[in-house]
Amino acid sequence: MFPVETRELTKRYGQLVAVDRVSLTVRPGEVYGFLGPNGAGKTTTLRMLLGLVRPSSGTVRLFGEDVGQSLGDVGALIEGPAFYPYLSGRDNLRVLARYAGCPAGRVGVVLDLVDLTDRAGDRYGTYSLGMKQRLGVAAALLKDPKLLILDEPTNGLDPAGMADMRRLIRRLGAAGKTVLLSSHMLGEVQQICDRVGVVSGGRLIAESTVAELRGGARLRVVADPIQDAAARVRALVGQDRVRVEDGALELDIEAGKAAWINAELVGAGIDVSELGVRERELEDVFLELTHVG
Amino acid sequence: MLGSTRAEITKLVRRPASWLLLAVAVVLSLTFTYLVPYAGANGAADGAPNATRGVAETLPEHLVGNSIGGLPVFAGAILLILGVLAVGGEYGWGTWKTLLAQGPSRLTVYGAKIAAVALASLAVVLALFATGAVTSAAIAAAEGAPADWPSFVDLAAGIGAGWLMAAMWAGLGVVLAVALRGVALPIGLGLVWLMAVQNLLSAIAAPLLDWVAKLQEWLPGPNAGSLAASLGTSPDTPGVATLVGDGHAVAVLAGYLILFVGVGGLLLRRRDIL
């Protein structure tokens, strides 16, 4: 029984297919990164998970149940925080606690969690964007949910706030909560997510662990003459595992073979001026997958 | 449902706009029902609306008619705005998603809003009666006139009728807010209907066209006006005229209330929250 399971989830607006047969699975206790460029269908998918938008076809199951029956275990912050500007942060949470049917004592607990207790008595309308964002996360945590859906939770936060939010998400993950995190901050996702799903054009184009998606490290060799070096290395490791990029060789081989490659090139009279391991960042993978840049 | 209703009541009570609307309803009602006629009778407000009604019309025995007299038009407009704000504000602030993410169903939240708006409508009607009672008692004391209060049954009937009219207009505001997913356009269109179209139909179209005159018997405004007239509101009051019997008026107003609330709930349940 997965916290989130969608099958062939589709949303059409007239001719536009906003979400196209997305089947994703979020496993218990994991922090799942949900990535995609603007307009890829991330928020529409998240809205369907919460029953705010009805799917054109396909199914959503949260903890094995239909959406309408299972939101008791779900907390969410979708597309930015939204509260009543004339109420204080604390009173906004009190109102929401009544809807959620959770004890009023939770309000103080979640305000502490997001470090907003000092300003909780101020009107929401006077909050900075970062404070609004933290109140949004506090609201998502009100029910002490098993599944937390966070859509761009670090928007508007300063670097310290972003670091705090990362720590909070990690802590929630470590406490056994499942977190579905949509974010543009790929460095952040790389740091805190166990698995990621990448959507583009409404379709889920990749779903894997962060490590698998980034792939193995590559060997980078700067040599002279570069074409001779490329020919020599291709003969050694295979044609398709060698690329010439920005005047250097990118070798898709284990880092442990660096010394052997160096010896072979030097033995062939080729000057090697630089030899190093290059790890692909999640951002590189994301841009490749979504054909951006 | 109880928790959701309490939450909705909190939101309405803590919202400054709710109190402003109540204040405007009371001030307008007192001004045109009591103060202008009283000033007119003393020669201080010649030519003003209701200036010729006379002091007798402002005494406690006319409390029921005087208290609900504004509901067919101007107080109705205020209730319409209240209904729009209670529901349309969620679209304006984008708070539907915040509420629904806490787990209640759309119809639970909608039901809570309807309950809160119904209670707010009753509160407005009671405020009109209470402030009217105090003002008419003060005028009676000042004029040395007898303070003959309406019977409990008449008072209860008046409050009930006023609540029905108030809730019906608030219901129109609710359905407009849900249908148009906002605040400004529903208020604008609602007020155009209530303040302009209704008057044009009754003052210009109905005398010329039989089918419009017949249609008037089934529209909310004229039925509210007929109900107010049947409970003693002066026919000089804008929007008040006896077109149909009180039973017919109550049935039509209740029908509109159910229709508005039902259509609003259906739309909210079926459509995406964007």
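Just so you know, these numbers come straight off a predicted model, no measurement behind them.

Calculation criteria
Residues numbered from 1 in each chain as written. Chains lettered and ligands numbered in written order. Predicted model: local features only at pLDDT ≥ 70, side-chain atom pairs only at ≥ 80, totals over all residues. Heavy atoms only, no water. Pairing = 2+ DSSP bridges. Helix = DSSP H or I, 4+ residues; strand = E, 2+ residues; numbered from the N terminus. Axes fitted to C-alpha atoms, helices over the stretch in contact; angles between N-to-C directions. Buried < 20%, exposed > 50% of the residue type's maximum accessible area, 1.4 Å probe, protein only. Patch = residues over 30% accessible without salt bridge, like charges linked within 9 Å, V, L, I, M, F, W, Y side chains within 5 Å. Areas by Shrake-Rupley, 256 points an atom, 1.4 Å probe, with all protein chains shown as cover. Salt bridge = Lys/Arg side-chain N within 4 Å of Asp/Glu carboxyl O. Contact = heavy atoms within 4.5 Å. Parallel < 35°, antiparallel > 145°, perpendicular 65-115°, else oblique. Expected span 1.5 Å × (residues − 1). Bend = angle between axes of the 7 residues up to and from the residue. Core = buried A, V, L, I, M, F, W, Y, C linked by side-chain atoms within 4.5 Å. Domains from an automatic or database assignment. Buried area = accessible area lost by both parts, 1.4 Å probe. Polar contact = N/O pair within 3.5 Å; in protein donor to acceptor, adjacent residues only side chain to side chain. Nonpolar A, V, L, I, M, F, W, Y, C, P; charged D, E, K, R; others polar. pLDDT = per-residue confidence, 0-100. Phe/Tyr/Trp six-rings, centres within 6.5 Å; stacked < 30°, edge-to-face > 60°. Lys NZ or Arg CZ within 6 Å of the ring centre and 35° of its normal.

Draft legend 1. The sheet that holds strand 12 (residues 242–245) of chain A, seen in detail. All names here are of chain A. Pairing within the open sheet is antiparallel, and its 4 strands lie in the order 12-13-11-14. Both edges of this open sheet fall to strand 12 and strand 14 (271–278), since each of them pairs with a single strand only. Averaged over neighbouring strand pairs, the angle between their axes works out to 25° when direction is ignored. Both strand 12 and strand 13 (residues 248–251) contribute to a ladder of 4 bridges, which runs antiparallel.

Draft legend 2. Main features of unusual backbone geometry. Residues and elements named next belong to chain A. Residue Pro225 follows Asp224 across a cis peptide bond; omega there is 0°. Non-glycine residue Glu79 carries a positive phi angle of around 50°. Counting through the fold element by element, Glu79 comes out in the loop between strand 6 (74–77) and helix 3 (89–100). Note on Glu79: relative accessible area 48%, which makes it partly exposed. The residue Glu152 is not glycine, and still its phi comes out positive at about 50°. For Glu152, the location among the structural elements is in the loop between strand 7 (147–151) and helix 6 (159–174).

Draft legend 3. Summary view of a nonpolar patch on the surface. All names here are of chain B. Residues Leu200, Ile204, Leu208, Leu209, Trp211 and Leu215 make up a contiguous nonpolar surface patch of roughly 640 Å² in combined accessible area. The element best represented in the nonpolar patch is helix 8 (residues 184–208), accounting for 3 residues. Residue Ile204 is classed as partly exposed on the basis of its relative accessible area of 49%.

Draft legend 4. Geometry of the sheet that holds strand 7 of chain A. Residues and elements named next belong to chain A. If you walk across this open sheet you meet the 6 strands as 6-7-8-4-9-10, and the pairing is mixed. Bordering the open sheet on either side are strand 6 and strand 10 (203–209), each of which pairs with just one other strand. Neighbour-to-neighbour, the strand axes of this sheet turn through a mean angle of 15°, independent of strand direction. Here helix 11 (residues 282–290) sits on the sheet in contact with strand 4 (31–35), strand 9 (195–200) and strand 10, set at roughly 30° to strand 9.

Draft legend 5. The packing of helix 3 of chain A against helix 1 (residues 2–14) of chain B, seen in detail. Taken N-terminus to C-terminus, the directions of helix 3 of chain A and helix 1 of chain B make an angle of 155°; their axes are 7 Å apart at the nearest point. Classified by the angle their axes make, helix 3 of chain A and helix 1 of chain B are roughly antiparallel. Side by side, helix 3 of chain A and helix 1 of chain B meet where Asp91(A), Val95(A), Arg98(A) and Tyr99(A) of the first sit next to Gly3(B), Ser4(B), Arg6(B), Ala7(B), Glu8(B), Thr10(B), Lys11(B) and Arg14(B) of the second.

Draft legend 6. Representation of helix 2 (residues 16–41) of chain B in the model. Residue and element names in this part refer to chain B. With 26 residues, helix 2 should cover 38 Å at 1.5 Å per step; its first-to-last C-alpha distance of 36 Å lies within 8% of that length. In helix 2, a bend of some 40° at Thr31 exceeds every other bend along the element. Within helix 2, the full set of buried residues consists of Ser18, Leu21, Ala25, Val26, Ser29, Leu30, Thr33, Tyr34, Val36, Pro37 and Gly40. Turning to helix 2, the residues buried within the fold contact helix 1, helix 3 (63–68), helix 4 (74–93) and helix 6 (106–143). Phi for Gly43, located one or two positions after helix 2, is positive at around 75°.

Draft legend 7. Representation of the nonpolar core in the model. Residues Leu93(A), Ile149(A), Leu180(A) and Trp96(B) are the most contacted members of the largest nonpolar core, which totals 155 residues. Split by domain, this core shows at least three residues from each of two domains, domain 1 (4–213) and domain 2 (215–290) of chain A. When sequence neighbours within four positions are dropped, the list of residues in contact with Leu180(A) reads Val4(A), Val26(A), Tyr32(A), Phe34(A), Leu46(A), Leu49(A), Leu147(A), Leu148(A), Ile149(A) and Leu150(A). If you look at the next biggest cluster of nonpolar residues, it comprises 16 residues, including Leu219(A), Val242(A), Ile261(A) and Leu265(A).

Draft legend 8. Summary view of the interface of chain B and chain A. Listed by partner, the interface residues are 29 residues for chain B and 28 residues for chain A. Approximately 2,600 Å² of surface area, both sides summed, lies buried where chain B meets chain A, with 55% of it carried by carbon and sulfur atoms. For the chain B face of the interface with chain A, the top three residues by lost area are Trp93(B), Lys97(B) and Gln102(B), together amounting to 27%. Here Asp91(A) and Arg14(B) are joined by a salt bridge, their closest N and O atoms 2.7 Å apart. The tally of links between chain B and chain A comes to 22 residue pairs in polar contact (both at pLDDT 80 or more). Elements that contribute at least two residues to the side of chain B that touches chain A include exactly helix 1, helix 4, helix 5 (96–100), helix 6 and helix 11 (246–270) of chain B. For the side of chain B that touches chain A, the class distribution of residues is 10 nonpolar, 8 polar and 11 charged.

Draft legend 9. View of the confidence of the model for chain B. Within chain B, residue pLDDT values average 92, and 96% of them lie at 70 or more. No element of chain B has a lower mean pLDDT than helix 9 (residues 210–216) of chain B, at 88, and none a higher one than helix 7 (residues 152–180) of chain B, at 97.

Draft legend 10. Region of the structure containing the domain arrangement of chain A. Residues and elements named next belong to chain A. Taken domain by domain, chain A holds domain 1 (4–213) and domain 2 (215–290). The interface is formed by 14 residues belonging to domain 1 together with 9 residues belonging to domain 2. Summed over both partners, the interface of domain 1 with domain 2 buries about 940 Å², with 71% contributed by carbon and sulfur atoms. Counting the surface domain 1 buries against domain 2, the share from its top three residues, Leu186, Gln190 and Leu213, is 52%.

Draft legend 11. Focus on the packing of aromatic side chains. According to the stated counting rule, one finds 7 aromatic pairs over all chains in the structure shown. These aromatic residues form a ring-pair network of at least three members: Phe83(A), Tyr124(A) and Tyr127(A). Positioned over the ring face of Tyr124(A) is Lys132(A), at 5.4 Å from the centre of the ring. A cation over an aromatic ring shows up here: Lys113(B) above the ring of Trp96(B), its NZ or CZ 5.6 Å from the ring centre.

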